[in-house]
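Chain residues, written in single-letter form:
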Amino acid sequence: MFSTKPSDWIVRFHPNPKASVQLYCFPFAGGSANNYQIWSKLVPAEIEVCAIELPGRGRRMQEPLLKSLPLLVDAITSVLQTDCDRPFAFFGHSMGALISFELARCLRHHNQPLPTVLAISGRRPPQLLLNTPTIHQLPEPQFWSEIQALGGTPKVLIDNEELRQLFFPIIQADFTLIETYIYTWEKPLECPIAAYTGEGDPEVNVTQLEQWQLQTDKEFSVKTFPGDHFYINSCAEEVIQDLTPRILDSLNIDK
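Residues numbered from 1 in each chain as written. Predicted model: local features only at pLDDT ≥ 70, side-chain atom pairs only at ≥ 80, totals over all residues. Heavy atoms only, no water.

*Asks:* Can you tell me about the overall build of the protein, naming the residues and giving the values?
*Replies:* Summing up its helical and strand segments, the protein has 10 helices and seven strands in all. In terms of C-alpha radius of gyration, the protein reaches 17 Å, essentially the compact-globule figure of 18 Å for 255 residues. When its C-alpha atoms are laid out on the principal axes, the protein stretches across 50 × 40 × 35 Å. For the protein, the proportion of its 255 residues judged to be buried stands at 53%. Within the protein, contacts between residues separated by at least 24 positions form 79% of all contacts whose residues are at least 6 apart in sequence. Approximately 11,700 Å² of the protein is accessible, and the part contributed by carbon and sulfur atoms is 52%. If the 20 positive side-chain charges of the protein are averaged to one point and the 30 negative ones to another, these points end up 4 Å apart. (Helix = DSSP H or I, 4+ residues; strand = E, 2+ residues; numbered from the N terminus. Rg over C-alpha atoms; globule rule 2.2 N^0.38 Å. Buried < 20%, exposed > 50% of the residue type's maximum accessible area, 1.4 Å probe, protein only. Contact = heavy atoms within 4.5 Å. Areas by Shrake-Rupley, 256 points an atom, 1.4 Å probe, with all protein chains shown as cover. Lys, Arg positive; Asp, Glu negative; His and termini not counted. Charge placed at Lys NZ, Arg CZ, Asp CG, Glu CD.)

Structural data, given as structure tokens:
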């Protein structure tokens, strides 16, 4: 079974208990907390980056993979209720966007505080996910072809059989989680949503991204950056420059 200790779920590359706000960052399919290591160096002192490490990867490689979004969200909700002692914001890219969205709704179900900002990246809004093609049941060769088409997958992973064998169960489990997700309507969230994407992202366009506005009754914004689905690898600094004032403004903190 997987750990329930916050220290296993949450990685603080630069612990900053004096920060005014915690920024919980959620990984894309196949990703890990390490994808946000550079973020902890780029944010101002008022923000502490708290990267989520999911079971079955990184330092949690020995734990079973989770293939159910509701089970994952319930687990993270319990962890945050223990860990979070300050105002907080969420950033999630691709799969992480879906996790962070459902996590915010789960916190509301438990009458817990919501994120001061919900930052969504590289993901269509959940009401548009019906009848989209699925790949988690494809044979491995076709599966990797679809993953490569998203862009941003390291060439060393595509070309190295050993690495593909290591990562295939992880990425397949994550796509199972995404593609078996069933959206149910609820009233909009009572927190602002900032939506981001790469200009060349084959997974989501600006028109689709704009429909995230239906999921909030607070402020909403859309911003695009150069790049494809994994624009966050090359535009981390630019994303943080846009997100930081949104987070600090929500707390009335001078930038």
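*Asks:* So what's going on with the pattern of salt bridges? Which residues, and what values?
*Replies:* It is possible for side chains bearing opposite charge to pair when their charged atoms get close. Using the criterion set out here, one finds 12 salt bridges in the structure. For the salt bridge of Glu190 with Arg108, the shortest nitrogen-to-oxygen distance reads 3.3 Å. Of this pair, Glu190 sits in the loop between helix H7 (161-179) and strand E6 (193-198) while Arg108 sits in helix H4 (residues 95-109), and the two are 82 residues apart along the sequence. When its relative accessible area of 31% is taken as the criterion, Glu190 is described as partly exposed. Classification of Arg108 as buried rests on a relative accessible area of 14%. Each member of the salt-bridge network shares a partner with another, and the members are Glu102, Arg105, Arg108, Glu186, Lys187 and Glu190. (Salt bridge = Lys/Arg side-chain N within 4 Å of Asp/Glu carboxyl O.)

*Asks:* How would you summarise helix H3 (residues 69-83) if you had to cite specific residues and measurements?
*Replies:* The terminal C-alpha atoms of H3 lie 20 Å apart, and with 15 residues this matches the ideal 21 Å at 1.5 Å per residue to within 8%. For H3, the complete set of buried residues consists of Leu69, Leu72, Val73, Ala75, Ile76, Thr77, Val79, Leu80 and Asp83. Residue Ser68 occupies the N-cap position of H3, its side-chain oxygen lying 3.4 Å from the main-chain nitrogen of Leu71. (Expected span 1.5 Å × (residues − 1). Polar contact = N/O pair within 3.5 Å; in protein donor to acceptor, adjacent residues only side chain to side chain.)

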